[in-house]
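Descriptive structure summary
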Amino acid sequence: MPRLVESDAAFYVGVGAFAVAVFVCGVAAGIASGAIDPSRRELVGFGVGFGLFTCSYLFAIVAYRHIQR
């Protein structure tokens, strides 16, 4: 079986990409179903909060890679 992930950092990046994909799909589904109103300011705050979470997650990955060297 071929190795799909060469390092721990690659796995963490994959998990982060999956989390972003789930977030985007969830917001898109909420907007399509009418449960979320895209003109509301709360959606912007929610997106900014998730963006900050993602940035901190990526910072942790960079720090992990730096420590491993």
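Structure: above.
Read on for an overview of the structure. As the structure is a computational prediction, the values presented were derived from the model and not from experiment.

Glancing now at the overall build of the protein chain. A tally of helices and strands in the protein chain yields two helices and zero strands. Looking at the protein chain residue by residue over its 69 residues, the buried ones come to 10%. On the protein chain, roughly 5600 Å² of surface is accessible, and the fraction owed to carbon and sulfur atoms is 71%.

Attention shifts here to the packing of aromatic side chains. Counted under the stated rule, the structure contains five aromatic pairs. Between the aromatic rings of Phe23 and Phe46, the centroid separation amounts to 5.4 Å while the plane-to-plane angle is 40 degrees, which identifies the pairing as tilted. Separated by 23 residues along the polypeptide, Phe23 in helix 1 (residues 8–33) and Phe46 in helix 2 (residues 41–68) bring together distant segments of the chain. Since its relative accessible area comes to 51%, Phe46 is described here as exposed. Ring centres of Phe53 and Tyr57 lie 6.3 Å apart, and the angle between their planes is 35 degrees; this geometry places the pair in the tilted category. One end of the pair, Phe53, and the other, Tyr57, are both in helix 2, four residues apart, so they sit about a helical turn from each other. For Phe53, a relative accessible area of 47% corresponds to the partly exposed category. By relative accessible area, Tyr57 is classed as partly exposed at 24%.

Looking now at the environment of Ile36. The residue Ile36 is located in the loop between helix 1 and helix 2 in this model. On the basis of relative accessible area, Ile36 is assigned to the partly exposed category, the value being 27%. Leaving out residues up to four positions away in the same chain, Ile36 has contacts with Val27, Gly30, Ile31 and Leu43.

The next point concerns helix 1. For helix 1, which comprises 26 residues, the first-to-last C-alpha distance of 37 Å matches the rise-based estimate of 38 Å (1.5 Å per residue) to within 8%. Among the residues making up helix 1, those that are buried are Ala9, Gly16, Val27 and Gly30. Elements that come into contact with the buried residues of helix 1 comprise helix 2. Just downstream of helix 1, Gly34 is the residue with a positive phi angle, here 90 degrees.

Calculation criteria
- Residues numbered from 1 in each chain as written.
- Predicted model: local features only at pLDDT ≥ 70, side-chain atom pairs only at ≥ 80, totals over all residues.
- Heavy atoms only, no water.
- Helix = DSSP H or I, 4+ residues; strand = E, 2+ residues; numbered from the N terminus.
- Buried < 20%, exposed > 50% of the residue type's maximum accessible area, 1.4 Å probe, protein only.
- Areas by Shrake-Rupley, 256 points an atom, 1.4 Å probe, with all protein chains shown as cover.
- Phe/Tyr/Trp six-rings, centres within 6.5 Å; stacked < 30°, edge-to-face > 60°.
- Contact = heavy atoms within 4.5 Å.
- Expected span 1.5 Å × (residues − 1).

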